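Residues per chain, in single letters:
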Amino acid sequence: MADPRYIVGIDLGTTNSALAYVDLQATGDLGRSIRDLPVPQLIAPGESAARRLLPSSAYLPAEHELAEGALQLPWGERPVIVGELAKVQGARVPGRLVGSAKSWLSHPGVDRTAAILPWGAPEGIARLSPVQASALYLSHLREAWDHQFPGAPLAEQEVVLTVPASFDEVARELTVRAAREAGLENLTLQEEPQAAFYDWTARNKENLGRALGDHRLILICDVGGGTTDLTLILVEPADGSPNLRRIAVGDHILLGGDNMDVALARSVERKLGARLDASQWSALVQTCRLTKERLLEPGGPDKASVAVAGRGSRLIAGAHSAEVAKDEVLSGILDGFFPRVLASEPLLRGGRAGLQELGLPFASDPAVTRQAASFLRAHSPETAELLGLPKGSLVRPDAILLNGGVFSAPQIGERLVEVLSGWFPGRGPIAVLENDALDLAVARGAAWFGLVRRGLGRRIGGGTARAYFVGADLEGQPRALCLLPRYFEQTTEVELPQPFHLLLDRPVRFPLYASSTVPIEKPGDILDAGDERLAALPPIQTVLRSPEPPKKGAPPAEVQVRLRAGLTEIGTLELWCVATERDARWKLEFQLRTSVEEEVPTSVSPMPKRFAEAKEKVELVFGKKPVPVEKRFVKDLGRELERILGPRETWTTPVCRELWSALHAGLARRRRTADHERVWSSLAGYCLRPGFGAPLDAWRAAETFKVFEQGLQFQSDAHNWDAWWILWRRISGGLDASAQKRLYDIATPALRPTPPGKARPKAAKVEGIAELIRMVGSLERLEAAAKAEAGCWLLERLETEGATAHVLWSIGRLGARVPFYGSGHACVAPNIAEEWIARLLRFEPPKPGLLFFPLIQLARLSGDRARDIDPELRQRVIERLEGWGALERDLSVLRQAVETSGAEEQQIFGETLPPGLRLVSPPPQ
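Below: a short report on this structure.

Scoring rules and cut-offs
- Residues numbered from 1 in each chain as written.
- Predicted model: local features only at pLDDT ≥ 70, side-chain atom pairs only at ≥ 80, totals over all residues.
- Heavy atoms only, no water.
- Axes fitted to C-alpha atoms, helices over the stretch in contact; angles between N-to-C directions.
- Helix = DSSP H or I, 4+ residues; strand = E, 2+ residues; numbered from the N terminus.
- Parallel < 35°, antiparallel > 145°, perpendicular 65-115°, else oblique.
- Left-handed = near helix turned anticlockwise from the far one by under 90°.
- Contact = heavy atoms within 4.5 Å.
- Pairing = 2+ DSSP bridges.
- Buried < 20%, exposed > 50% of the residue type's maximum accessible area, 1.4 Å probe, protein only.
- Polar contact = N/O pair within 3.5 Å; in protein donor to acceptor, adjacent residues only side chain to side chain.
- Nonpolar A, V, L, I, M, F, W, Y, C, P; charged D, E, K, R; others polar.
- Expected span 1.5 Å × (residues − 1).
- Phe/Tyr/Trp six-rings, centres within 6.5 Å; stacked < 30°, edge-to-face > 60°.
- Right-handed = clockwise from strand over helix to strand, strands pointing away.
- Salt bridge = Lys/Arg side-chain N within 4 Å of Asp/Glu carboxyl O.

### Here we look at the packing of helix α22 (residues 784-801) against helix α23 (residues 805-814)
Two elements in contact, α22 and α23, have axes whose closest approach is 10 Å; the angle formed by their N-to-C orientations is 155 degrees. Looking at the two axes, α22 sits roughly antiparallel to α23. At the point where α22 passes α23, the crossing takes the left-handed sense. Residue-level contacts link Lys787, Ala790, Gly791, Leu794, Leu795, Arg797 and Leu798 of α22 to Val807, Leu808, Ser810, Ile811 and Leu814 of α23.

Shown next, in the form of structure tokens:
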């Protein structure tokens, strides 16, 4: 590719995106030649115009919603609307607007590559993944650029793409993936707060030292549409221009304009006097965003009317609009998000109580001022040392740079500076560095960074904002070995001194951690893996393949490797395993579809003293060579293991997984007799339950599922059918969506009611219907439509056959508002759950306690409007359960959104869980 003519800075924002550029062939002052690209976009159906910003919004129009030609852009028609019209149309028509894709890119609790947006949209509406939505915005910018510069396509220019400083490695990798899907390969990542500061240095490049004066510590506070990004820059005096070094970044905080829009929407909803459904709510939030921007812009009106779109002929309590005043909006932001607080005030810890009505895990504490205090407290010890100040007190920034559209209203920035200055009485107000383009500074600074890389400006040093660690067991203790220390700037790889012994052609797992506060000095330094300063990243889990295929029946080869780590040219972390005794290396890839909390490392604990004896008993029954054993011994294998290891409820996760390994080795021998098959299914499922939560469980579950296609051998034994379905219920949390769909398809003929007078259709023999029903209820990765179908069938069965525990348990699981392990986007719609509740409330069973579980699961408060049922119906459920004698501890989850307790997890799962297993969300699949 020829040398690029342009350096292009792209700010891929949560609310708006922007593009700025530098012409490398321009003459004169390159620093003053940074230009903004007005972005052509639809502003009305069939009408396009260039705007300084591209709203990061996508609208998915219905097939005949708009007239022919309404989607025509200067470079052609596109099926999805991006930009200004998307934002406006999304406020008018509920359920079709994709927004805040950047926040979803950083949400570890969902599959960010799955089509889940618009969140809470009605059935039948097309959806996009967060990656696809981000790629759409970048594609629009690319097409706008190519239209203006046809001789210099954007794909051939040098692109600097910005990300929040707090983005973890997976969010960064997904951003790069979105850029590549948009056709942008030649890119570099830059942190947004640094980009904003680069813009400031560009405007002061001729007199940077004079502009900084005596300022030694600069706080950058970037409050955008989705995140609050905090960064500290250290100014080090030097001959000529001072040196600049980024010394700290804040944790990832979903706190910004989105939260403020939600807060305003809640206020408007109260004025309307009725609760809106998820689609209307999304439209209202978008309308409030537009209203907030209009009221707070310079010269904006004092009041505005907020209109809410109805659905069909349905009215909203007779009112469709409410009036909002500028003072009301401003006071809500100042008091709710920038309150006057003390520097010592701790963050509010509300669990699920933070604003979550858009489906995102917003910060529990919405006060930017408290977040800033927490950030400064965390980094003051190290900062004081760098500045040569006494330790033990809060370090005062000398100046603050404000960035982000939130500060367009000057009163908000003034409040933040007032609060921060008040923490240091007697020292006057903290200086404010001028930022005359709050919405364009990041894009402009990104373009300037491209010039800095060419030596044409002062570079901000500091390297990586975080130290990176890999987990390993050293002398029986879980440790974290430093891969790259903080401030690492080398582009070459570094190698850990500690060797690792790994099995080839077997899955291996590397727990990863990051820390923005640990003062580690060099690669290989060791920390306790439980250090509270370490934040878990998604683990790397892979199979290192042998250079040559292994011989059949040969034991797995073992290889000694060393880990090498480095930063790529685009600024992302790269890991390799390098063999010490052969010419081989393996690249370790991040699990982009994996939750950060996918699998917490279990604590290292020794096996029970008699574990070897227990394993021998398993091998005696399921070993390669048939050993004469009595039939009774096979049947009683479970009891024998309990005699050796103690009651099975006390078997820890490591014990269970090691027993599973012994059973897995003997799976081919499970078909020797009906007893062998039944015992194998029972023990394998028990030892792998719930299918996730320990290292390599995803691989174990996939290996176990291979048995399903082989089918049940002894189909005439009813007990074998029970054990068969129990096995899949127990490990369902470790099975991916395709495996769960396969289980459901096999179960459907037995589940579907037979119309009166008609014979049941012929199908493969399936028995054990009660356990089959429980198994279906546990399949949380089924699509919502399949769950709704299964739940309706079970309700029909309930109404014809009477209340049974297994049917009611499965109805509760299928319609649960808060999944046990699945993603919230696969929950059945609230109206379906409401219909099921109404049908259950018509029951008067002899034992009302049977209805407690399904009603609580269906009515539980999640905090996500896309999942929660009508509050009035929830109150009816509470009153009915109180009348039946339900305890307050059971009803508490209907009154407030709280995390699931361990006791609840066991009830939801249907049996005990391994002791010490901490259940967190497994990987979205």
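### A word on the sheet that holds strand β28 (residues 558-567)
As summarised here, the arrangement of the 4 strands in space is β24-β28-β29-β30, forming an open sheet in which the pairing is antiparallel. Lying at the two open borders of the sheet, with one neighbouring strand each, are β24 (494-503) and β30 (585-588). The average undirected angle you get between the axes of adjacent strands in this sheet is 30 degrees. The sheet contact formed by β28 and strand β29 (residues 573-579) spans 7 bridges and is antiparallel. Residue pairing across strands places Ala565 opposite Leu575, the latter belonging to β29.

### Some words on the sheet that holds strand β19 (residues 399-403)
Sheets are built from strands that pair by backbone hydrogen bonding, the pairs being arranged parallel or antiparallel. Judged by pairing direction, the sheet is mixed, and its 6 strands sit side by side in the order β20-β19-β14-β15-β16-β21 without closing on themselves. Looking at strand neighbours, the two that pair on one side only are β20 (431-433) and β21 (460-461), the edges of this open sheet. With 2 bridges connecting them, strand β16 (residues 243-249) and β21 associate as parallel partners. Following the sheet pairing, Leu244 is matched in β21 by Ile460. Across the sheet, helix α10 (residues 368-387) is in contact with β14 (217-223), β15 (228-236) and β16; its angle to β15 comes to roughly 25 degrees.

### Some remarks on the environment of Glu872
Note on placement: Glu872 falls in helix α26 (residues 871-883). In this structure the C-alpha to C-alpha distance between Glu872 and Arg275, which are 597 residues apart in sequence, comes to 9.9 Å.

### Points about the environment of Ser515
With respect to the helices, strands and loops of the structure, Ser515 is situated in strand β25 (residues 507-515). Of the residues examined, Ser515 reaches a relative accessible area of 1% and is grouped as buried. Between the alpha carbons of Ser515 and Ala18 there is a distance of 31 Å; along the sequence they are 497 residues apart. Within the local environment of Ser515, its side chain forms a polar contact with the backbone nitrogen of Thr517, the two atoms lying 3.2 Å apart.

### Focus on the packing of helix α20 (residues 737-751) against helix α21 (residues 769-777)
Taken N-terminus to C-terminus, the directions of α20 and α21 make an angle of 135 degrees; their axes are 10 Å apart at the nearest point. Considering the angle they form, α20 stands oblique to α21. Of the two elements, α20 crosses α21, and the hand of that crossing is left-handed. Across the interface between the two elements, Leu743, Tyr744, Ala747, Ala750 and Leu751 of α20 pack against Ile769, Leu772, Ile773, Met775 and Val776 of α21. Looking at side-chain class alone, the contact of α20 with α21 contains 10 nonpolar, no polar and no charged residues.

### Here's the deal with helix α5 (residues 192-203)
Residues that lie three or four places apart on an α-helix share one face, since the helix turns once every 3.6 residues. In this model α5 runs 17 Å from its N-terminal to its C-terminal C-alpha over 12 residues, within 8% of the 16 Å that 1.5 Å per residue would give. The set of residues buried in α5 consists of Glu192, Pro193, Gln194, Ala195, Ala196, Phe197, Tyr198, Asp199, Trp200, Thr201 and Ala202.

### Quick notes on the packing of aromatic side chains
Inspection of every chain in the model, using the stated rule, returns 23 aromatic pairs. Here Phe820 and Phe909 contribute two aromatic rings whose centre-to-centre distance is 5.8 Å and whose plane-to-plane angle is 25 degrees, an arrangement assigned as stacked. Residue Phe820 is found in the loop between α23 and α24 (830-841), and its partner Phe909 is found in helix α28 (residues 902-909); the two are separated by 89 residues along the sequence. By relative accessible area, Phe820 is classed as buried at 14%.

### Describing the pairing of β19
Within β19, 5 of the 5 residues are buried, which leaves it mostly tucked inside the rest of the structure. Handedness of the crossover is the feature at issue here: the chain leaves β19, passes through helix α11 (residues 410-422), returns alongside β20, and the resulting connection is right-handed.

### Topic: the pattern of salt bridges
Applying the stated criterion across every chain yields a total of 54 salt bridges. Ionic pairing is found between Arg203 and Asp436, a salt bridge with its closest N-O pair at 3.9 Å. With a gap of 233 residues between them, Arg203 in helix α5 and Asp436 in the loop between β20 and α12 (441-452) connect regions that are remote in the sequence. We classify Asp436 as exposed; its relative accessible area is 53%. What you see here is one network of salt bridges that share partners, running through Asp258, Asp261, Arg289 and Lys292.

### Overview of the side chain of His379
Counting through the fold element by element, His379 comes out in helix α10. By relative accessible area, which is 4% here, His379 ends up buried. Beyond its immediate sequence surroundings of up to four residues, His379 is in contact with Leu232, Ala248, Val249, Ser516 and Thr517.

### As for the pairing of β14
The element β14 is largely enclosed, with a buried count of 7 among its 7 residues. Both faces of β14 are covered, namely the face carrying Leu217, Leu219, Cys221 and Val223 and the face carrying Ile218, Ile220 and Asp222. Across 7 bridges, the pairing between β14 and β15 is antiparallel. Its bridge partner being in β15, Asp222 is matched across the sheet by Asp229. Where β14 folds back on β15, the antiparallel hairpin that results is connected by 4 residues. Here β14 pairs with β19 via 5 bridges, running parallel. Paired with Asp222 across the strands is Asn403, a residue of β19.

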